[in-house]
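Geometric and topological summary
For reference, the chains in residue letters:
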Amino acid sequence: MANFDPEKFEDKYANYFPELQQAYKNAFNRMNDRYDSQLVHAIDQQVLNESEPFYEGDGEFRIELPDDPYGRLSGVLVDEDRFEEILETHIEEIETELQRVFGFQ
């Protein structure tokens, strides 16, 4: 675990890249165990690969998504409501993992 510094998180990829990778990987693995692996993989590679984590303060993180996440999805058929549900759960998992990796949980 890294000693977390909110100011260093401004340049997160230079200062915390291994921790970010670990959080996203842990979230992916948890999602892959619970949901359709094709859909989880597509969300990971086609939507979350362009997401941006931000530190909100008080140990809270948020994930900003690229525009039109559902429109980015290809190679897998899924109802938009189901997609939104799985994506929201995946984002919650990433935020939880970021809290854990950075020592807030």
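Given the structure is predicted, the values throughout are model-derived calculations rather than measurements.

What counts, and where the lines are drawn
- Counting of residues starts from 1 at the beginning of each chain's written sequence and follows it residue by residue.
- Selection of residues for local features in this predicted model requires a pLDDT of at least 70, selection of side-chain atom pairs for listing and counting requires 80 or more, and totals for whole chains, interfaces and linings are taken over all residues.
- Side-chain figures throughout are based on the complete set of non-hydrogen atoms in the structure, without hydrogens or water.
- To get an axis, fit a line to the C-alpha atoms, keeping to the stretch in contact for a helix; angles then go from 0 to 180 degrees between the N-to-C directions.
- Numbering of helices and strands starts at the N terminus; helices are DSSP runs of H or I of at least 4 residues and strands are runs of E of at least 2.
- Throughout, the term roughly parallel applies to angles under 35 degrees, roughly antiparallel to angles over 145, roughly perpendicular to angles from 65 to 115, and oblique to all others.
- By convention the crossing between two helices is left-handed if the near helix lies anticlockwise of the far one by an angle smaller than a right angle, and right-handed if it lies clockwise.
- By the convention used here, residues are in contact when the closest approach between their heavy atoms is within 4.5 Å.
- When residues are sorted by character, Ala, Val, Leu, Ile, Met, Phe, Trp, Tyr, Cys and Pro go into the nonpolar class, Asp, Glu, Lys and Arg into the charged class, and all the rest, Gly among them, into the polar class.
- Nitrogen and oxygen atoms within 3.5 Å of one another constitute a polar contact, given that in protein one can donate a hydrogen and the other can accept it, and given that sequence-neighbouring residues count only through two side-chain atoms.

Examining the packing of helix H3 (residues 17-34) against helix H6 (residues 80-101)
For the pair H3 and H6, the least separation of the axes is 8 Å and the interaxial angle reads 135 degrees. In terms of orientation, H3 lies oblique with respect to H6. As H3 packs across H6, the resulting crossing turns out to be right-handed. Only Ile 86, Thr 89, His 90, Glu 93, Ile 94, Glu 97, Leu 98, Arg 100 and Val 101 of H6 make contact with H3, whose side of the interface consists of Glu 19, Leu 20, Ala 23, Tyr 24, Asn 26, Ala 27, Phe 28, Arg 30, Met 31 and Arg 34. Considered class by class, the residues forming the contact of H3 with H6 number 10 nonpolar, 3 polar and 6 charged.

Thoughts on the side chain of Ser 51
Structurally, Ser 51 is set in the loop between helix H4 (37-46) and strand S1 (52-57). Only 2.8 Å separates the side chain of Ser 51 from the side chain of Tyr 24, close enough to count as a polar contact. If near-sequence neighbours (up to four positions away) are discounted, Ser 51 is found in contact with Tyr 13, Tyr 24, Ile 63, Glu 64, Leu 65 and Pro 66.

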